[in-house]
Amino acid sequence: DGGGVGAEERYDVAILGSGPAGCSLAALLAADPSRPSVALISREADSRWVPNYGSWTEEWRALDALYAAKGVGGLMDRGVDTAWDDTDC
């Protein structure tokens, strides 16, 4: 037993995943006592969430050019881990 929810406990809402969206939804639902009872379920609840931000390449390059004009260039080289040529599914 991982010390989590027992089999006999019941909740109105179960949220799977403790990333920013799951935690925000759980907090909003649980904030008011008249709201449903909430269980936030995650195997990695105690792990650090690593942010994964996205930006269009054109926007990032424009920002890079703006900073380069101020003497701080190279954002594309230093700040981007992965760039995809095509993001359409």
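Just above sits the structure.
Residues numbered from 1 in each chain as written. Predicted model: local features only at pLDDT ≥ 70, side-chain atom pairs only at ≥ 80, totals over all residues. Heavy atoms only, no water.

Q: Looking at this structure, how should I read the overall build of the protein?
A: The helix and strand tally for the protein stands at three helices and two strands. When the helices and strands of the protein are read in sequence order from the N terminus, they spell out β-α-β-α-α. Per-residue burial for the protein yields a buried fraction of 12% across its 89 residues. Within the protein, contacts between residues separated by at least 24 positions form 41% of all contacts whose residues are at least 6 apart in sequence. Total accessible area on the protein is roughly 7,800 Å²; 52% of this is exposed by carbon and sulfur atoms. (Helix = DSSP H or I, 4+ residues; strand = E, 2+ residues; numbered from the N terminus. Buried < 20%, exposed > 50% of the residue type's maximum accessible area, 1.4 Å probe, protein only. Contact = heavy atoms within 4.5 Å. Areas by Shrake-Rupley, 256 points an atom, 1.4 Å probe, with all protein chains shown as cover.)

Q: Looking at this structure, how should I read helix α2 (residues 57-69)?
A: At 3.6 residues per turn, the α-helix brings residues three or four places apart onto the same side. If you check α2, its first and last C-alpha atoms are 18 Å apart, about what 13 residues at 1.5 Å a residue would give, namely 18 Å. The first or second residue beyond α2 is Gly-71, which carries a positive phi of 95 degrees. (Expected span 1.5 Å × (residues − 1).)

Q: What exactly am I supposed to notice about the pairing of strand β1 (residues 13-16) here?
A: Sheet faces and side chains relate simply in a regular strand, where the side chains alternate between the two faces. In the sheet, β1 pairs with strand β2 (residues 38-41) via four bridges, with the strands oriented parallel. Within β2, the position partnered with Ala-14 by the bridge is Ala-39. Once you follow β1 into helix α1 (residues 20-30) and on to β2, the crossover reads as right-handed. (Pairing = 2+ DSSP bridges. Right-handed = clockwise from strand over helix to strand, strands pointing away.)

Q: Help me understand α1 in this model?
A: Considered for burial, the residues of α1 that qualify are Gly-22, Ala-26 and Leu-29. Each buried residue of α1 sits inside an arc of 70 degrees when the element is viewed along its axis, so together they form one side. Facing away from the buried surface of α1 by more than 90 degrees, the exposed residues are Ala-21 and Leu-28. The elements touched by buried residues of α1 are β1 and β2. (Arc of directions from axis to C-beta.)

Q: Mind showing me how you'd approach the side chain of Ser-18 here?
A: In this structure, Ser-18 sits in the loop between β1 and α1. A distance of 3.0 Å separates polar atoms of two side chains, one belonging to Ser-18 and the other to Ser-42. Beyond its immediate stretch of four places on either side in the chain, Ser-18 contacts Cys-23, Leu-40, Ser-42, Glu-44 and Ala-45. (Polar contact = N/O pair within 3.5 Å; in protein donor to acceptor, adjacent residues only side chain to side chain.)

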